[in-house]
Amino acid sequence: MSDTRTPETDKGGDLAARLLGGAGHPVAWRRIVRDEPGEIAAAVEAALLDPAVAAVLVTGGTGVAPRDVTPESVAPLLERVVPGFGELFRALSYQEIGSAALLSRALAGISRGKVVFVLPGSTGAVRLAMEKLVLPELGHLAAEAVKTR
């Protein structure tokens, strides 16, 4: 999610796709979306409706600047929030960058039987989230998300 990045300059998205692929998780599609709530929600909805998609990974727009609207745009789409993801991400981030970690509004949840992660867009944050949280738990979370009662 960015008003400034292009497919050529989306280093965080590139890293996430590379790490997913390296862990055996194929990337169904990628898209650059402007920092507009309706466009963000529409892109996530499209991903959730795609049968080839088991998880949705969103990068960017998680800070506190006025244009950072990704969490507010994605949260209403979530049926359940996984609060531990954001809590752990900020705790791990604090170890790397100190008190600036509190500016992150990273979150995760479940929608339509699929896992949704909302990550900051910087490569450092993407690497941290992917290596320490997303990749180790993605298969487990995806399996839990589709379980029936």
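Residues numbered from 1 in each chain as written. Predicted model: local features only at pLDDT ≥ 70, side-chain atom pairs only at ≥ 80, totals over all residues. Heavy atoms only, no water.

Student: Tell me about the overall build of the chain, residues and numbers included.
Tutor: On a plain count of helices and strands, the chain comes out with 5 helices and 4 strands. Beginning at the N terminus, the succession of helices and strands in the chain can be written as α-α-β-α-β-α-β-β-α. Against the compact-globule benchmark of 15 Å for 149 residues, the chain has a radius of gyration of 14 Å, which places it among compact chains. With respect to the principal axes defined by its C-alpha atoms, the chain has extents near 40 × 30 × 30 Å. (Helix = DSSP H or I, 4+ residues; strand = E, 2+ residues; numbered from the N terminus. Rg over C-alpha atoms; globule rule 2.2 N^0.38 Å.)

Student: How would you summarise the sheet that holds strand β4 (residues 114–119) if you had to cite specific residues and measurements?
Tutor: Strand order across the open sheet formed by 4 strands is β1-β4-β3-β2, with mixed pairing between neighbours. If you trace the sheet from one side to the other, it starts and ends with β1 (55–59) and β2 (80–81), each paired once. Contacts from helix α5 (residues 123–145) reach β1, β3 (107–111) and β4, with the element oriented near 165° to β4. (Pairing = 2+ DSSP bridges. Contact = heavy atoms within 4.5 Å. Axes fitted to C-alpha atoms, helices over the stretch in contact; angles between N-to-C directions.)

Student: Mind laying out the side chain of Ser104, listing which residues take part and the relevant values?
Tutor: Inspection of the secondary structure puts Ser104 in the loop between α4 (83–97) and β3. Sequence-distant contacts of Ser104, that is, excluding residues within four places in its chain, are made with Thr62, Phe89, Arg90 and Pro120.

Student: Pulling in residues and values, what's your account of the confidence of the model for the chain?
Tutor: Scored by pLDDT, the chain has a mean of 95; 99% of the residues are at 70 or more. For the chain, helix α1 (residues 11–22) is the element with the lowest average pLDDT, namely 95, and β4 is the one with the highest, namely 98. (pLDDT = per-residue confidence, 0-100.)

Student: Can you lay out the layout of surface pockets for me, pointing to particular residues and giving the numbers?
Tutor: In this structure, the largest pocket spans a volume of roughly 770 Å³. Residue lining of the largest pocket: 34 residues in total, with Val27, Trp29, Ala55, Val56 and Leu57 positioned closest to the centre. Listing elements by their share of the lining of the largest pocket, those giving two or more residues are α1, α2 (37–49), β1 and α5. Among the elements that line the lining of the largest pocket, the one with the most residues is β1, at 5 residues. Classifying every residue of the lining of the largest pocket gives 25 nonpolar, 5 polar and 4 charged. Counted as a void, the second largest pocket has a volume near 230 Å³. Residue lining of the second largest pocket: 18 residues in total, with Ser93, Ile97, Ala100, Ser104 and Pro120 positioned closest to the centre. Secondary-structure elements contributing two or more residues to the lining of the second largest pocket are α4 and α5. Broken down by element, the residue count for the lining of the second largest pocket peaks at 4 residues, all from α4. Taken together, the residues that form the lining of the second largest pocket break down as 9 nonpolar, 8 polar and 1 charged. (1 Å grid on protein atoms, 1.4 Å probe; cavity = no way out; pocket = protein on both sides within 12 Å on 5 of 7 lines; lining within 4 Å. Points joined across faces, edges and corners; volume = space filled by probe spheres on them. Nonpolar A, V, L, I, M, F, W, Y, C, P; charged D, E, K, R; others polar.)

Student: Requested: an account of α2, with residues and values cited.
Tutor: Within an α-helix, residues lying three or four positions from one another point in the same direction, as the helix has 3.6 residues per turn. A rise of 1.5 Å per residue sets the reference length of α2, with its 13 residues, at 18 Å; its end C-alpha atoms lie 18 Å apart and thus fit the reference within 8%. Those residues of α2 not exposed but buried are Ile40, Ala43, Val44, Ala47 and Leu48. Within α2, the buried residues cover an arc of 140° as seen down the axis, which keeps them to one side. In this structure, α2 carries Gly38 and Leu49 as exposed residues pointing more than 90 degrees from its buried face. (Expected span 1.5 Å × (residues − 1). Buried < 20%, exposed > 50% of the residue type's maximum accessible area, 1.4 Å probe, protein only. Arc of directions from axis to C-beta.)

Student: Can you break down a nonpolar patch on the surface residue by residue, with the values?
Tutor: On the surface, a cluster of nonpolar side chains totalling about 310 Å² of accessible area is made up of Val64, Leu102 and Leu103. The topology assignment puts Leu102 in the loop between α4 and β3. (Patch = residues over 30% accessible without salt bridge, like charges linked within 9 Å, V, L, I, M, F, W, Y side chains within 5 Å. Areas by Shrake-Rupley, 256 points an atom, 1.4 Å probe, with all protein chains shown as cover. Salt bridge = Lys/Arg side-chain N within 4 Å of Asp/Glu carboxyl O.)

Student: Any chance you could break down the side chain of Lys114 for me, citing the residues and the numbers?
Tutor: Here Lys114 shows up in strand β4. Of the polar contacts made by the side chain of Lys114, one reaches the backbone oxygen of Leu48; its length is 2.8 Å. Ignoring sequence-local partners within four residues, the contact set of Lys114 consists of Ala47, Leu48, Leu49, Asp50, Pro51, Val53, Ala54, Gly109 and Ala145. (Polar contact = N/O pair within 3.5 Å; in protein donor to acceptor, adjacent residues only side chain to side chain.)

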